[in-house]
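What the coordinates show
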Amino acid sequence: MAIEVVMPRQGNTVETCLIVEWRVSIGDQVAKGDVLCEIETDKSTIEVEAEQSGTVLARLFEEGDDVPVLRTMLILGEEGEDVSEFLSDGDTAAKAQAPAGIEPGAVAETEPAPAEVPALSRGKSDFIAISPRARKAAEAAGVEPENLTGSGPSGRILERDVSAYASAHPAVSPAARAAGARSGNTGSGIGGRVRPGEKASVVGSDSPTTSEPGTVSEVKPSGIRKVIASRMMESLGTTAQYTLNASADARSIQAWRSKFKASDESLGLRGITLGDMVVFAASRILSRYPELNAEFKDGVLYQYADVHLGLAVDTPRGLMVPVIRHANRKSLKQISDESKELAYACIEGNISPDALSGATFTLSNLGNFGIESFTPVINAPQVAILGVCAIQPKAVQTPDGVEFLPHMGFSMTIDHQVVDGAPAARFLQEFCSLLAGFEMVAAI
């Protein structure tokens with residue numbers, strides 16, 4: 001009996017997964033537990049294992065395809081078994097893999113046509129089936145939903161459809177639009193966007209050319225890169241971002257760092273970093289600033305008593321934000337150990353999707369790169385993010401005159417829709433004061 005293998009669901013927010021690599025071919029015999037393929041979500045890379053033994057009868061998608069969750073992607077069964085009942089008329093990708101009359105294991109040399117998607121009515125008063133995330137992404141990108149074709153169930157427009165359309169129909173920059181206006185070449189869409197059938201022939205729009213081979217590289221964004229781009233644009237398009245900068249005397253935390261490095265190895269404290277101490281200090285005072293330890297969703301501000309800290313991690317696949325849950329209840333050593341475990345899992349690509357959701361506040365540390373100040377982008381629907389900067393000498397007036405003392409910089413971005421500057425400034429003031437006297441943090 002033929003068995004359908006579906007794209008597994010990886011968390012409530014994941015709509016599609018990218019097939020990175022097939023580990024099996026048509027005609028292969030697989031046993032329960034064998035790896036069928038490797039898939040990529042916007043958060044991690046996962047291996048899909050066979051839940052039953054059988055022969056691979058058909059593959060419905062190719063490597064690089066973005067497949068909706070719970071969609072059939074492979075069929076197992078007995079060798080030679082008829083699988084036509086599992087294939088719809090539009091399943092040309094599957095038929096290209098296992099056409100009638102071709103023995104299992106043979107390859108059909110036909111180019112698969114795209115699967116048909118039910119067309120949506122585009123009348124002014126007609127309902128357009130579009131997911132909430134896709135609608136927000138469309139608003140942020142300036143894309144009109146009626147121009148989109150949905151690839152979800154029953155033609156529902158998904159976020160990836162918006163990203164694909166925005167990539168294929170880039171908005172014209174203000175400078176290019178002005179130049180185009182002088183020559184009569186502008187797009188007729190929102191903000192000068194070029195609609196389907198129009199050609200963006202404005203000054204400076206031509207692709208660069210070169211006679212030297214190898215000087216231009218064309219890089220297609222990966223699945224996670226596309227998601228990051230969409231979320232950053234959505235964040236900037238739906239929030240009123242406002243950044244404050246401050247610095248803290250770093251002598252205290254530097255002294256504590258030296259003590260930890262010199263401590264007995266059996267205590268397990270040598271690995272505690274300056275960044276860990278910053279995270280620990282933030283976890284101890286955020287609960288006193290509920291307007292910052294919060295999310296703003298659908299017009300409602302949700303304030304949290306517990307602190308679930310998201311830590312921005314740079315990985316070969318892009319930015320990831322694993323979460324230390326209940327950070328306000330954990331010791332400095334626990335936070336240090338867990339942050340390293342989460343960062344390693346992100347870099348290795350085997351982080352659990354559950355470990356990448358649920359943050360109420362995020363920290364982004366660029367201090368190791370020598371960055372003195374930056375504008376971190378809020379990880380919506382959170383309302384605040386704290387950027388950690390490098391330690392730099394700062395001129396300070398002391399009883400003995402002006403001294404240059406080491407200070408660690410901080411850049412905090414808030415959503416000014418729901419957070420005023422004063423509460424954020426008070427948080428930074430207390431936070432910097434605690435770091436300047438780090439021994440006081442233990443009393444909180």
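Turning our attention to the packing of aromatic side chains. The tally for this structure, following the rule as stated, stands at 7 aromatic pairs. Ring plane angle 55° and centroid distance 6.4 Å describe the contact between Phe 280 and Phe 438, whose orientation is recorded as tilted. Linking Phe 280 in helix α7 (residues 274-285) with Phe 438 in the segment after α9 (421-436), this pair joins segments that are 158 residues apart in sequence. Both residues of the pair, Phe 280 and Phe 438, belong to the buried class. Counting every residue linked through ring pairs, the aromatic cluster contains Tyr 289, Phe 361, Phe 410, Phe 427 and Phe 431. Lys 259 extends its terminal NZ or CZ atom over the ring of Trp 256, reaching a point 4.9 Å from the ring centre. The ring centre of Tyr 302 lies 5.3 Å from the NZ or CZ of Lys 297, which sits over that ring.

The strand order β1-β8-β6-β3 describes an open sheet built from 4 strands, whose pairing is antiparallel. The sheet terminates laterally at β1 (3-6) and β3 (29-30), the two strands that pair on one side only. Strand direction decides the pairing type here: β3 and strand β6 (residues 54-59), joined by 2 bridges, are antiparallel. Within β6, the position partnered with Gln 29 by the bridge is Thr 55.

This next bit is on the pattern of salt bridges. Under the counting rule described, the total for this entry stands at 12 salt bridges. Here Glu 62 ties to Arg 59 by a salt bridge, and the two come within 3.8 Å at their closest N and O atoms. Taken together, the shared-partner salt bridges in this structure form one network comprising Glu 21, Arg 23, Glu 38 and Glu 47.

Before going further, it helps to examine the confidence of the model for the protein. Within the protein, residue pLDDT values average 81, and 78% of them lie at 70 or more. Contacts from residues 89-126, a stretch scored under 50 in pLDDT, to residues over four places away or in other chains number 51 contacts. With pLDDT under 50 throughout, residues 199-205 is counted as low confidence; its partners more than four residues away or in other chains account for 10 contacts.

A few words now on the environment of Arg 284. Here Arg 284 is to be found in helix α7. The buried category is assigned to Arg 284, whose relative accessible area is 12%. Separated by 46 residues in sequence, Arg 284 and Lys 330 place their C-alpha atoms 9.6 Å apart. Apart from residues lying up to four places away in sequence, Arg 284 is in contact with Ala 327, Asn 328, Arg 329, Lys 330, Ser 331, Val 441 and Ile 444. A distance of 2.9 Å separates polar atoms of two side chains, one belonging to Arg 284 and the other to Ser 283. Here the side chain of Arg 284 touches Asn 328 through a polar contact of 3.4 Å, landing on its backbone oxygen.

Note on placement: Asp 34 falls in the loop between β3 and β4 (35-40). Overall, Asp 34 belongs to the partly exposed group, its relative accessible area being 31%. Distance in space between the C-alpha atoms of Asp 34 and Arg 23 is 9.1 Å, their sequence separation being 11 residues. Within the structure, Asp 34 has its side chain in polar contact with the backbone nitrogen of Ala 31 (distance 2.7 Å).

Turning our eyes to something else, we now look at the sheet that holds strand β9 (residues 241-249). Spatially, β9-β18-β17-β16-β12-β15 is the arrangement adopted by the 6 strands of the open sheet, whose pairing is mixed. Two strands lie at the open edges of the sheet, namely β9 and β15 (323-324), each paired on one side alone. Bridging between strand β12 (residues 309-311) and β15 involves 2 bridges; their strand directions are antiparallel. Looking at β15, one finds that Leu 309 is bridged to Ile 324.

What follows is about the side chain of Glu 38. For Glu 38, the location among the structural elements is in strand β4. Here Glu 38 falls in the buried class, since its relative accessible area comes to 18%. Those residues in contact with Glu 38 that sit more than four places away from it in its chain are Leu 18, Ile 19, Val 20, Glu 21, Arg 23, Thr 45, Ile 46 and Glu 47.

Cut-offs and rules
- Residues numbered from 1 in each chain as written.
- Predicted model: local features only at pLDDT ≥ 70, side-chain atom pairs only at ≥ 80, totals over all residues.
- Heavy atoms only, no water.
- Phe/Tyr/Trp six-rings, centres within 6.5 Å; stacked < 30°, edge-to-face > 60°.
- Helix = DSSP H or I, 4+ residues; strand = E, 2+ residues; numbered from the N terminus.
- Buried < 20%, exposed > 50% of the residue type's maximum accessible area, 1.4 Å probe, protein only.
- Lys NZ or Arg CZ within 6 Å of the ring centre and 35° of its normal.
- Pairing = 2+ DSSP bridges.
- Salt bridge = Lys/Arg side-chain N within 4 Å of Asp/Glu carboxyl O.
- pLDDT = per-residue confidence, 0-100.
- Contact = heavy atoms within 4.5 Å.
- Polar contact = N/O pair within 3.5 Å; in protein donor to acceptor, adjacent residues only side chain to side chain.

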